Structures are given as structure tokens and as C-alpha cells.
Amino acid sequence: FSTFRRAFLSLLTPVIIVGGILSGAFTPTEAAVAACAWALFLGVVVYRTLTIRRFLRVSFDTIETTAVVLLVVGAAAIFAWILTSNRVPEQFAAGLLAVSDKPWVILIVMNLILLAVGCFMETVAAITILVPVMLPIAVTLGIDPVHFGVIMVLNLMLGLLTPPVGMVLYVLARVAKIPFEQCVVGTAPFLIPLVIVLLLVTFIPGITMWLPTMIYR
């Protein structure tokens, strides 16, 4: 209880982030700014552990970590432009419909493609390219857009945890100051339950759709 009392103000950080987003007070990007401002206030005013020297060191570490991530994002954006300029998405749509007209088969193929794309492409670039291609196919086969959106987000989230373009892994390695390979090994066991959840969400639409159905029916 004593430790919890001392850490209470710090533990409010996720409350500020999630509460601010859900209440509409600020966007996710603004939530990150609010969390940094709160941490800065705690370090300077409340705990008084953040000196000028330490603040500069933390700032430079953040700049270095951000630079690594932005290099990955930049390379992924170039890759996405190459795919788009060569009309790969259109060819992919035609090939996907030629495989089968059964929804469960298409879902399996989409999952495999999204998992592969997530390993090699940045998330925003992947969504920008693949949603205009895959969503019409999903709707044509009777797959709810909300269901498809959750499937895509889960797949690309797994991509953030897999090399070679696993941005979360790069950030974790930088923050924890451990080799990238060690970070990959440490996070690998968590992929098993994530894949299981992905399969459940994919083939049991009720898991995804029960809440939207209750709210919007």
C-alpha cells in the first residue's frame, strides 16, 4: 500500500491517456503529448528527479529512437509507392477472387497475406494500400466491414512484433537497451496466444460483432 501510494500519481498516466481518448478530450496523438506533459510535471515539480542534464539525455535518447522508427517508416512508404505504381493491388484482387468464392477460404488467404505484409511493411502504408483492395472483396462475400477491420488490425499488429520491419521490436530494443535479436526471442512466445485470438476472431464473427450489434441494432 505504501508503494502504491507513492506511485499513485505515476499510475494516473494510462488513465489520462485512455480516459482522454474515450472522453473525446483529445486524439491519440494529443494523448501522447498529454502523457509527456504529465510525466514532465511529475519529474520536475512533484518528484523533482528530472534535472536539466537528465532531461537532455532523455530527449536525445527519444530523438535517436524516433529516428530509427522513422527510417523504417520511410522505407516502407517507398515500398508502398512501388507496389501502387506497378498496379500490384489490382492484380492481387483479381487473383484473390480467382482462388475461391467461399468466405472462409478468402479469410484464410487474407490472413496469410496480411501476416506476410505486416512483416515487411509499415502499418499505415499497409492499410492505405490493402483496404481499398480487400474491403470490397470482403463486402461482396458478405463479410461485415467491422469484422474485416478487426481482422486487418490484428494481423498488422502481429506484424509490429515480427522482424524484419517490427517497429515495436525496435522501440523495445532501444528502450530496454538490449540487442534486437534478444528482443525478438523474448517476444516470440507471446505470438502463440495472439495467433489463437486471431483465428477465433476470424472464424467466430460473434466475438467481434456482439458489441457493435448491441449498440447499433
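Residues numbered from 1 in each chain as written. Predicted model: local features only at pLDDT ≥ 70, side-chain atom pairs only at ≥ 80, totals over all residues. Heavy atoms only, no water.

Q: Which parts of the structure should I look at to understand the overall build of the protein?
A: From N to C terminus, the protein includes eleven helices and zero strands. When the helices and strands of the protein are listed from N to C terminus, the series reads α-α-α-α-α-α-α-α-α-α-α. Principal axes of the C-alpha set define a box for the protein whose edges measure 65 × 40 × 30 Å. Considering the protein as a whole, with its 217 residues, one finds that 30% of them fall into the buried category. Here the contacts in the protein between residues at least 6 apart in sequence split such that 61% fall between residues at least 24 apart. For the protein, the accessible area works out to roughly 13,700 Å², and carbon and sulfur atoms hold 76% of it. Both charge centroids of the protein, one from 11 positive and one from 8 negative side chains, sit 18 Å from each other. (Helix = DSSP H or I, 4+ residues; strand = E, 2+ residues; numbered from the N terminus. Buried < 20%, exposed > 50% of the residue type's maximum accessible area, 1.4 Å probe, protein only. Contact = heavy atoms within 4.5 Å. Areas by Shrake-Rupley, 256 points an atom, 1.4 Å probe, with all protein chains shown as cover. Lys, Arg positive; Asp, Glu negative; His and termini not counted. Charge placed at Lys NZ, Arg CZ, Asp CG, Glu CD.)

Q: Explain the nonpolar core here, please?
A: One recurring pattern in soluble globular proteins: nonpolar side chains tend to sit buried together. One finds Met 110 and Met 134 to be the most contacted residues of the largest nonpolar core, which totals 30 residues. Every element with two or more residues in this core is listed here: α3 (52–85), α4 (88–99), α5 (103–120), α6 (123–140), α7 (145–159) and α10 (191–203). The element that contributes the greatest number of residues to this core is α6, accounting for eight residues. Not counting the four nearest positions on each side in its chain, Met 134 is found in contact with Phe 92, Met 110, Ile 113, Leu 114, Phe 148 and Met 152. (Core = buried A, V, L, I, M, F, W, Y, C linked by side-chain atoms within 4.5 Å.)

Q: In this structure, what is going on with the side chain of His 147? I would like to understand it.
A: Here His 147 shows up in helix α7. Within the structure, His 147 has its side chain in polar contact with the backbone oxygen of Val 201 (distance 2.8 Å). Residue contacts for His 147: discarding those within four places in its chain leaves Val 201, Thr 202, Pro 205, Thr 208 and Met 209. (Polar contact = N/O pair within 3.5 Å; in protein donor to acceptor, adjacent residues only side chain to side chain.)

Q: Quick question: what am I supposed to make of the packing of α3 against helix α8 (residues 167–176) here?
A: Working note: a packed helix pair is described by the angle between its axes plus the distance between those axes. Running from amino to carboxyl end, α3 crosses α8 at an angle of 160 degrees, the nearest separation of the two axes being 10 Å. In terms of orientation, α3 lies roughly antiparallel with respect to α8. You can see that α3 and α8 cross each other, and the crossing is right-handed. Along the contact surface, α3 presents Glu 64, Thr 65, Val 68, Val 69, Val 72 and Val 73, while α8 presents Met 167, Tyr 170, Val 171 and Arg 174. (Axes fitted to C-alpha atoms, helices over the stretch in contact; angles between N-to-C directions. Parallel < 35°, antiparallel > 145°, perpendicular 65-115°, else oblique. Left-handed = near helix turned anticlockwise from the far one by under 90°.)

Q: Quick question: what am I supposed to make of a positive patch on the surface here?
A: Where like charges cluster on the molecular surface, the positive patch consists of Arg 53, Arg 54, Arg 57 and Lys 177. Here Arg 54 lies in helix α3. (Patch = residues over 30% accessible without salt bridge, like charges linked within 9 Å, V, L, I, M, F, W, Y side chains within 5 Å. Salt bridge = Lys/Arg side-chain N within 4 Å of Asp/Glu carboxyl O.)

Q: Looking at this structure, how should I read α8?
A: Two residues of an α-helix separated by three or four positions point the same way, owing to the 3.6 residues in each turn. Looking at α8, one finds that the buried residues are Met 167, Leu 169 and Ala 173. Projection of α8 onto a plane perpendicular to its axis shows the buried side chains occupying an angular sector of 160 degrees, all on one side. Of the residues one or two after α8, Lys 177 is the one with positive phi, at around 55 degrees. (Arc of directions from axis to C-beta.)

Q: Teacher, can you tell me more about the packing of α10 against helix α11 (residues 205–216) here?
A: Where α10 meets α11, the closest approach of the two axes is 4 Å, and the angle between their N-to-C directions is 70 degrees. On the basis of the axis angle, α10 is roughly perpendicular to α11. Listed contacts from α11 to Leu 200, Val 201 and Phe 203 of α10 are Pro 205, Ile 207 and Thr 208. Per-class residue counts for the contact of α10 with α11 are five nonpolar, one polar and no charged. (Nonpolar A, V, L, I, M, F, W, Y, C, P; charged D, E, K, R; others polar.)

Q: Help me understand the environment of Thr 202, please; the structure alone is not making it clear to me.
A: With respect to the element layout, Thr 202 can be found in helix α10. Separated by 192 residues in sequence, Thr 202 and Ser 10 have C-alpha atoms that sit 37 Å apart. Ignoring any residue separated from it by four or fewer positions in sequence, one finds Thr 202 in contact with Leu 107, Asn 111, His 147 and Ile 151. A polar side-chain atom of Thr 202 sits 2.7 Å from the main-chain carbonyl oxygen of Leu 198.

Q: Any chance you could explain the environment of Pro 193 here in plain terms?
A: For Pro 193, the location among the structural elements is in helix α10. For Pro 193, a relative accessible area of 42% translates into the label partly exposed. Sequence separation between Pro 193 and Ile 113 is 80 residues, and the spatial gap between their C-alpha atoms is 20 Å.

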